[in-house]
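An overview of the molecular structure
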Amino acid sequence: MSPAHLLIIGDRAALSWVITEQRMAFPAGRARTARTLGQGDEVFLYSTRGCFRNPTRDLGRVIGRAAIASPVHVLDEPVVFSGRSYSEGCSMKVSGLAPFREGLVLRDLVPRLSVFPDPATWSVRMRRASLTLPPEDAELVRTELEPLLRPYDETGEGYRWEPAAD
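Residues numbered from 1 in each chain as written. Predicted model: local features only at pLDDT ≥ 70, side-chain atom pairs only at ≥ 80, totals over all residues. Heavy atoms only, no water.

1. So, the overall build of the chain
Scanning the chain from N- to C-terminus turns up four helices and eight strands. Seen in sequence order, the chain has helices and strands lined up from the N terminus as β-α-β-α-β-β-β-β-β-β-α-α. Against the 2.2 N^0.38 benchmark of 15 Å for 166 residues, the chain shows a C-alpha radius of gyration of 15 Å, consistent with a compact globule. Seen through its C-alpha atoms, the chain measures out along the principal axes to roughly 40 × 35 × 30 Å. Counting only residues that meet the buried cut, the chain has 49% of its 166 residues in that class. If you take every contact in the chain between residues at least 6 apart in sequence, the share linking residues at least 24 apart comes to 72%. Here the chain displays about 8700 Å² of accessible surface, and carbon together with sulfur accounts for 50% of that area. Here the chain carries 21 positive and 21 negative side-chain charges, and the mean point of each set is 6 Å from the other. (Helix = DSSP H or I, 4+ residues; strand = E, 2+ residues; numbered from the N terminus. Rg over C-alpha atoms; globule rule 2.2 N^0.38 Å. Buried < 20%, exposed > 50% of the residue type's maximum accessible area, 1.4 Å probe, protein only. Contact = heavy atoms within 4.5 Å. Areas by Shrake-Rupley, 256 points an atom, 1.4 Å probe, with all protein chains shown as cover. Lys, Arg positive; Asp, Glu negative; His and termini not counted. Charge placed at Lys NZ, Arg CZ, Asp CG, Glu CD.)

2. Let's talk about the environment of Gly158
With respect to the helices and strands, Gly158 occurs in the segment after helix H4 (152-155). Distance from Gly158 to Thr20, taken between C-alpha atoms, is 9.4 Å for residues 138 residues apart in sequence.

3. Structural notes on the nonpolar core
Grouped together as the largest cluster of nonpolar side chains are 32 residues, with contacts concentrated most on Leu7, Leu15, Ile19, Met24, Phe26 and Met92. For this core, the secondary structure elements donating two or more residues are strand S1 (4-9), helix H1 (12-21), strand S2 (23-26), strand S3 (42-47), strand S4 (61-68), strand S5 (73-81) and strand S6 (84-97). Those residues within four positions of Ile19 in sequence are excluded, and the remaining contacts are Leu45, Ile63, Leu97, Tyr152, Gly156 and Tyr159. If you look at the next biggest cluster of nonpolar residues, it comprises 22 residues, including Ala4, Phe44, Leu113 and Met126. (Core = buried A, V, L, I, M, F, W, Y, C linked by side-chain atoms within 4.5 Å.)

4. A short note on the layout of surface pockets
Here the idea is plain: a probe the size of a water molecule rolls over the atoms and shows the empty space left. Put simply, the largest pocket is a space of about 580 Å³. In this structure, the largest pocket is lined by 25 residues; those nearest its centre are Ile8, Ile9, Gly10, Thr48 and Arg128. Going through the elements one at a time, S1, H1, S2 and S6 are the ones with two or more residues in the lining of the largest pocket. Element by element, the count of residues in the lining of the largest pocket is highest for H1, at three residues. Among the residues making up the lining of the largest pocket, the classes are represented as 14 nonpolar, five polar and six charged. In this structure, the second largest pocket encloses a volume near 150 Å³. Forming the boundary of the second largest pocket are eleven residues, of which Ala13, Ser16, Trp17, Phe81 and Trp161 lie nearest the centre. Where the lining of the second largest pocket is concerned, the elements lending two or more residues are H1 and S5. (1 Å grid on protein atoms, 1.4 Å probe; cavity = no way out; pocket = protein on both sides within 12 Å on 5 of 7 lines; lining within 4 Å. Points joined across faces, edges and corners; volume = space filled by probe spheres on them. Nonpolar A, V, L, I, M, F, W, Y, C, P; charged D, E, K, R; others polar.)

5. So, the pairing of S6
Side-chain positions along a regular strand alternate between the two faces of the sheet. Bridging between S2 and S6 involves four bridges; their strand directions are antiparallel. Directly across from Arg23, in S6, lies its bridge partner Ser91. Of the pairings in the sheet, the one linking S4 to S6 comprises five bridges and is antiparallel in character. Its bridge partner lying in S6, Arg65 is registered against Gly96. Pairing of S5 with S6, which is carried by five bridges, proceeds in the antiparallel orientation. If you follow His73 over to S6, its bridge partner there is Gly89. Where S5 folds back on S6, the antiparallel hairpin that results is connected by two residues, among which Ser82 adopts a positive phi of roughly 50 degrees. (Pairing = 2+ DSSP bridges.)

6. Thoughts on the pairing of S4
With seven of its eight residues buried, S4 lies for the most part within the structure. Pairing of S4 with strand S7 (residues 104-105) involves two bridges; the strand directions are antiparallel. Each residue of the ladder has a partner; that of Arg61, found in S7, is Val105.

Written out as structure tokens, the structure reads:
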């Protein structure tokens, strides 16, 4: 069985791009970690509490499931979100997506996930672009997330975001 990963997205423009383009991008400093993702690997899309710039209102949620559709490679042109450049990337095929601002609240599962050995400091492990999940953790996330997912064609458009014109 292929490994499973959480893809951690902390910016609403990046989230919109990831969902609408069905691609993931990584900064150059995370290239080695990004290359642990292999074609066919299962990924869970996670939007952080700060993704929508209101961490007191929003919760970190697993919002979708996808499969890596191409190897991670250097992009012809880096993509830029919030002034940060992402030079490596891959294609994904999104197989299910929760409606916008819905999904599985990850912190509720933390005590049951072995990838977080100390539930009190779990958020420290989320300060990266991706996190590989042990098989038992992936199964738990998959099982809890499945009832919340809808077909991409029904939900993908809800994630489209255009920045306000200046």
